[in-house]
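# Inside the fold
Below are the chains, spelled out letter by letter.
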Amino acid sequence: MNKTLLALTVTIPFLTAPLLTAAAEKTELNALQKAINGKHRSAEHKHRDQYRHPEQTLAFFDVKEDMTVVEISPGEGWYTEILAPYLRDKGKLYAAHFSNDNPEPYFKKSLSDFLDKIHKQPKLYDKVEITVLQPPKEVQIAPDGSADRVVTFRNVHNWMKNDQATSVFSAMFKTLKPGGILGVVEHRGASIKQQDPKALSGYVSEDYVIALARNAGFEFLAKSEINANPKDTKNYPEGVWTLPPTLRLKDKDKAKYLAIGESDRMTIKFIKPQPKSLASFLPSQLLGSIDRADLPDIPAVIHNSK
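Residues numbered from 1 in each chain as written. Predicted model: local features only at pLDDT ≥ 70, side-chain atom pairs only at ≥ 80, totals over all residues. Heavy atoms only, no water.

## Considering the packing of aromatic side chains
Scanning the model with the defined rule gives ten aromatic pairs in all. Relative to F61, the ring of F60 has its centre 5.8 Å away and its plane inclined at 50°; by these criteria the two rings are tilted. Assigned by exposure class, F60 and F61 land together as buried. With 5.1 Å between their ring centres and 85° between their planes, F173 and F218 make a pair best called edge-to-face. (Phe/Tyr/Trp six-rings, centres within 6.5 Å; stacked < 30°, edge-to-face > 60°. Buried < 20%, exposed > 50% of the residue type's maximum accessible area, 1.4 Å probe, protein only.)

## Let's talk about the side chain of R154
Within the secondary structure, R154 is located in the loop between β4 (147–153) and α8 (156–161). Buried charge without a partner: R154 forms no salt bridge, and the closest opposite charge is E262, 5.7 Å away. (Helix = DSSP H or I, 4+ residues; strand = E, 2+ residues; numbered from the N terminus. Lys, Arg positive; Asp, Glu negative; His and termini not counted. Salt bridge = Lys/Arg side-chain N within 4 Å of Asp/Glu carboxyl O.)

## Examining the pattern of salt bridges
Going through the model one piece at a time under the given rule, you end up with 22 salt bridges. In this structure, R88 and D126 form a salt bridge, with 2.9 Å as the shortest nitrogen-oxygen distance. One end of the pair, R88, is in the loop between α5 (80–87) and β2 (92–97); the other, D126, is in the loop between α7 (122–125) and β3 (129–132), and 38 residues separate them in sequence. When its relative accessible area of 24% is taken as the criterion, R88 is described as partly exposed. You can call D126 partly exposed: its relative accessible area is 45%.

## Some points on the packing of helix α9 (residues 165–175) against helix α10 (residues 206–216)
It is at 9 Å that the axes of α9 and α10 come closest, and there the two elements cross at 55°. Classified by the interaxial angle, the pair formed by α9 and α10 is oblique. When you trace α9 past α10, the crossing you get is right-handed. Judged by residue contacts, A165, F169, S170 and F173 of α9 engage V209, L212, A213 and A216 from α10. Of the residues that constitute the contact of α9 with α10, the class distribution is seven nonpolar, one polar and no charged. (Axes fitted to C-alpha atoms, helices over the stretch in contact; angles between N-to-C directions. Parallel < 35°, antiparallel > 145°, perpendicular 65-115°, else oblique. Left-handed = near helix turned anticlockwise from the far one by under 90°. Contact = heavy atoms within 4.5 Å. Nonpolar A, V, L, I, M, F, W, Y, C, P; charged D, E, K, R; others polar.)

## Focus on the side chain of T68
Inspection of the secondary structure puts T68 in strand β1 (residues 68–72). If we skip the residues at most four places from it in the chain, T68 touches K92, Y94, S146, A147, D148 and R149.

## Quick word on the pairing of strand β7 (residues 265–271)
Here β7 lies mainly inside the structure; six of its seven residues are buried. Bridge count between strand β5 (residues 176–187) and β7: seven bridges; the pairing is antiparallel. When the sheet's bridge partners are listed, V184 is paired in β7 with I268. Across five bridges, the pairing between strand β6 (residues 219–224) and β7 is antiparallel. (Pairing = 2+ DSSP bridges.)

Here's what the structure looks like:
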């Protein structure tokens with residue numbers, strides 16, 4: 001055989017695998033973009049992409065279209081509009097919403113609006129499984145150990161206000177597979193201020209969220225500045241709801257708050273650790289050195305204000 005031809009024949013298999021991998025990743029990214037750009041999303045919701053960065057955020061949480069994902073407290077379903085079609089054919093989406101028995105009118109309306117959205121577009125949402133998250137009684141958000149990813153967007157302050165944060169983080173830990181990832185986006189409070197345990201301003205410090213996750217058993221994995229907004233000074237008359245999209249002050253200083261945009265947000269992911277093997281309890285001298293990720297220091301306690 002010609003030596004040049006033989007060299008090409010040997011080289012091709014080594015080139016093919018990376019090319020196929022790159023092609024698969026490109027196809028997957030296009031699937032997510034297709035969901036984000038879908039006609040089912042309103043112009044108003046698409047306008048918020050500039051603040052919420054759904055493509056980059058879901059990529060950071062490493063959400064794949066063949067995974068089982070639980071969205072916690074989806075509200076009106078802004079992210080459900082993206083996750084449902086993205087996961088519909090190959091994956092599974094659970095939406096853990098309020099209980100229909102919740103006495104609060106706001107929560108009942110939120111659930112009603114969400115269900116109305118789901119039922120009106122069965123071609124998009126027919127495979128979404130709706131579960132109930134109503135701590136402390138109803139916390140079975142998906143079968144135990146079944147989820148590859150659990151994601152939640154700007155909800156931690158609500159759980160803190162209602163003394164539910166510990167229960168919810170425990171429920172999220174329980175539903176994830178070992179090695180599964182929890183992705184959290186939340187209005188980011190100033191780290192130099194003592195955290196209000198009720199988070200009445202809507203802002204929560206990163207160390208508080210990390211401590212809540214650690215106390216539930218999670219390990220810190222990474223954080224990103226995808227959803228950061230340095231214009232957000234975090235000191236407004238009506239808390240975070242002073243900013244868009246709520247604009248609680250209505251026309252008062254509206255131009256000012258529109259220029260700031262939506263809140264500064266932390267974007268953090270945690271991992272549910274794998275069960276320790278017998279080897280992990282043996283002296284390290286018997287096993288040799290094991291490289292571990294160089295993780296930043298994580299606060300061991302939650303700082304409560306008096």
